[in-house]
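Below are the chains, spelled out letter by letter.
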Amino acid sequence: MDKVYILLMAFISIVVVNNLVFTKFLGTCPYLGVSGRIDMAFGMGMAVTFVITLAGILTWLIDHMILMPYGLEITRYVCYILVIAGAVQLVEMYLRKFFPPLYESFGIFLPLITTNCVILGLCLLLNVWGTDNFPEAAVLSFGAGIGFTLAICIMAGIREQIRFSDVPKCLDGAPITLITAGILTLAFMGFAGMIK
Amino acid sequence: MANNTMTALDAVKGGLWTEVPVLRLILGMCPTLAVTTAVKPALTMGLSVLFVLVCSNIVVSLMRNLLKPHLRILMFTLTIATFVTIADLFLRAFTPKMSEILGPYVPLIIVNCIIIARAEACASKNGIFVSAVDGIFMGIGFTIVLCILASIREVLAVGTICDVPVMWKSFVPWAAMRMPVGAFITLGLMLGLVNFLSAKKS
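Residues numbered from 1 in each chain as written. Chains lettered and ligands numbered in written order. Predicted model: local features only at pLDDT ≥ 70, side-chain atom pairs only at ≥ 80, totals over all residues.

**Quick look at the overall build of chain B**
Helix and strand counts for chain B stand at 9 helices and 2 strands. For chain B, the residues scored as buried account for 49% of the 202 residues in total. If you take every contact in chain B between residues at least 6 apart in sequence, the share linking residues at least 24 apart comes to 76%. (Helix = DSSP H or I, 4+ residues; strand = E, 2+ residues; numbered from the N terminus. Buried ≥ 20, exposed ≤ 12 C-beta atoms within 10 Å, placed from the backbone. Contact = placed C-beta atoms within 7 Å.)

This is the structure:
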């Protein structure tokens, strides 16, 4: 029971309290770029959740079973980026073969995920936080994806409304999105410190 | 290919004003927002990006005729990852404190869109000299923007620049500027200002 409690807390912590987009600025590029429409934002979020779970688990395993025992930490970044690029490629092939409609709806997002900083960021943070048991690493990876989906969907919802409002001409587009994002972080700061 | 080749002069102009990566193309957001709480880490970050950008541009430009299209992005990222490892080890050895502050944002240079975008848009189509010049000036443009943003935030948040106090005595530090809120809103207003200025010009 204790273990389940810890995992649950870790999940809530990474989704709401330490949301990677709002507190660590990870994945700001797609967060600003793809959040124009809710359905696209949700598609992107789902694709990221899938890849981040896979990549988080794989990099954790590689780190603890290959790199650390043999003292190869120096090649860590190269390994991580290879794993992520490989995972994206794998997901792309698998979806194209077995779920063509889903593949169509993800479209250009899938290859773009390779350069999404949330994924590499999470893999690195797992290492920085010193996560040393496997279930926690898996839950944190999945939670990070859900947190990203949450953030990008809220943003898309707001931006769909902003389109109808009267924004000063020089602030139109990216600037107003950034300012909105700032106010949104302010709201999420209310959760700060609830869980470590 | 005629309209794809650019001259070194174009690269200089592009890097410093017409294509400043952060302000014009909205690329490379996550380091921009994360490390600009103070000027020193921002400067370190800018110089690391400059180093990686120049090296990766040169290498990509050298191997541009050997690349298969579908393996292109993978080769770019691997090249970049190698140079980022070098930069990270260098920082850890010579400025351990700074390396601690920057934390995971140094390895995150690998997925900084600016570097991949330059490799794709410039280095994979141009010769080695133009690519190197493009890397240098894109890097300088990025560093300047980072430093401006960082100095605004540092002055308002603690009243110092590079740890030297500049504000009057009764100045009340504005703690929100240190937090993510300050980063987003300052950058938003900066982008608005740039849009305003360039609209006025034309």
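Now that the structure has been shown, we can carry on.
**Notes on the overall build of chain A**
Tallying secondary structure elements over chain A gives 10 helices and 0 strands in all. Going from N to C terminus, chain A has its helices and strands arranged as α-α-α-α-α-α-α-α-α-α. Relative to a compact globule of 196 residues, whose C-alpha radius of gyration would be 16 Å, chain A shows 18 Å and is just as compact. C-alpha extents for chain A along the principal axes are approximately 60 × 45 × 35 Å. In chain A, once contacts between residues fewer than 6 apart in sequence are set aside, the share between residues at least 24 apart is 80%. (Rg over C-alpha atoms; globule rule 2.2 N^0.38 Å.)

**Here we look at the interface of chain B and chain A**
With 34 residues of chain B at the contact, the number on the chain A side is 34 residues. The set of elements that each furnish at least two residues to the side of chain B that touches chain A consists of helix 3 (29-34), helix 5 (72-94), helix 7 (113-123) and helix 9 (180-201) of chain B. Considering each element in turn, the side of chain B that touches chain A owes the most residues, 11 residues, to helix 9 of chain B.

**What to know about the packing of helix 4 (residues 38-67) of chain A against helix 9 (residues 134-162) of chain A**
All names here are of chain A. Close contact between helix 4 and helix 9 brings their axes to 8 Å; oriented N to C, the two are set at 165°. Considering their axes alone, helix 4 and helix 9 lie roughly antiparallel with respect to each other. In this structure, helix 4 meets helix 9 at a crossing whose hand is right-handed. Within the contact of helix 4 with helix 9, the residues separate by chemical class into 19 nonpolar, 8 polar and 1 charged. (Axes fitted to C-alpha atoms, helices over the stretch in contact; angles between N-to-C directions. Parallel < 35°, antiparallel > 145°, perpendicular 65-115°, else oblique. Left-handed = near helix turned anticlockwise from the far one by under 90°. Nonpolar A, V, L, I, M, F, W, Y, C, P; charged D, E, K, R; others polar.)

**Quick word on the nonpolar core**
With 108 residues, the main nonpolar core has Val51(A), Val118(A), Ile119(A), Leu120(A), Val52(B) and Ile110(B) as its most contacted residues. Each residue touching Val118(A), except ones within four places of it in the same chain, is listed here: Leu20(A), Leu26(A), Gly27(A), Val48(A), Ile52(A), Ala144(A) and Phe148(A). (Core = buried A, V, L, I, M, F, W, Y, C linked by C-beta atoms within 7 Å.)

**Quick notes on the environment of Pro175(A)**
Looking at where Pro175(A) falls in the secondary structure, it is placed in helix 10 (residues 174-188). Pro175(A) sits in the buried class, given 24 other C-beta atoms within 10 Å. Between the C-alpha atoms of Pro175(A) and Leu32(A), which are 143 residues apart in sequence, the distance is 9.9 Å. Those residues within four positions of Pro175(A) in sequence are excluded, and the remaining contacts are Gly188(B), Leu191(B), Gly192(B) and Asn195(B).

**Looking at helix 8 (residues 117-128) of chain A**
Under the 1.5 Å per step criterion, the end-to-end length of helix 8 of chain A is 16 Å for 12 residues, consistent within 8% with the ideal 16 Å. Burial of helix 8 of chain A is extensive: 11 of the 12 residues sit out of reach of the surface. For helix 8 of chain A, the complete set of buried residues consists of Cys117(A), Val118(A), Ile119(A), Leu120(A), Gly121(A), Leu122(A), Cys123(A), Leu124(A), Leu125(A), Leu126(A) and Asn127(A). Where helix 8 of chain A is buried, its residues contact helix 2 (20-24), helix 4, helix 5 (76-98) and helix 9 of chain A together with helix 3 of chain B. Just past helix 8 of chain A, the residue Gly130(A) takes up positive phi, approximately 65°. (Expected span 1.5 Å × (residues − 1).)

**Details of helix 1 (residues 2-17) of chain A**
Residues and elements named next belong to chain A. In this model, helix 1 (16 residues) spans 21 Å end to end at C-alpha, consistent with the 22 Å of a helix rising 1.5 Å per residue. All of the buried residues in helix 1 are Ala 10, Ile 14, Val 15 and Val 17. The elements touched by buried residues of helix 1 are helix 9.

**Notes on unusual backbone geometry**
One non-glycine residue, Phe25(A), lies in positive phi territory at about 60°. Inspection of the secondary structure assignment puts Phe25(A) in the loop between helix 2 and helix 3 (28-33).

**Description of the confidence of the model for chain B**
Atomic detail in the predicted coordinates should be set aside for any region of low pLDDT. Residue and element names in this part refer to chain B. Chain-level pLDDT for chain B is 82 on average; 89% of the residues reach the 70-or-more range. Mean pLDDT values for the elements of chain B range from 66 in helix 2 (residues 21-25) up to 91 in helix 4 (residues 39-62). Two numbers describe this predicted complex: its pTM, 0.84, and its ipTM, 0.79. (pLDDT = per-residue confidence, 0-100.)

**Re the packing of helix 1 of chain A against helix 9 of chain A**
Residues and elements named next belong to chain A. Axis separation between helix 1 and helix 9 bottoms out at 8 Å; the angle between their running directions is 30°. The pairing of helix 1 with helix 9 is recorded here as roughly parallel in orientation. Crossing geometry of helix 1 relative to helix 9 is assigned as right-handed. Listed contacts from helix 9 to Leu 7, Ala 10, Phe 11, Ile 14 and Val 15 of helix 1 are Pro 135, Glu 136, Val 139, Leu 140, Gly 143, Ala 144, Ile 146, Gly 147 and Leu 150.

**Considering the environment of Gly193(A)**
Note that Gly193(A) resides in the segment after helix 10. A sequence separation of 51 residues divides Gly193(A) from Phe142(A), and the C-alpha atoms of the two residues are 21 Å apart.

**Regarding the confidence of the model for chain A**
For chain A, the average pLDDT comes to 84, and 96% of its residues sit at 70 or higher. Of all the helices and strands in chain A, helix 7 (residues 109-112) of chain A carries the lowest mean pLDDT, 70, while helix 9 of chain A carries the highest, 90.

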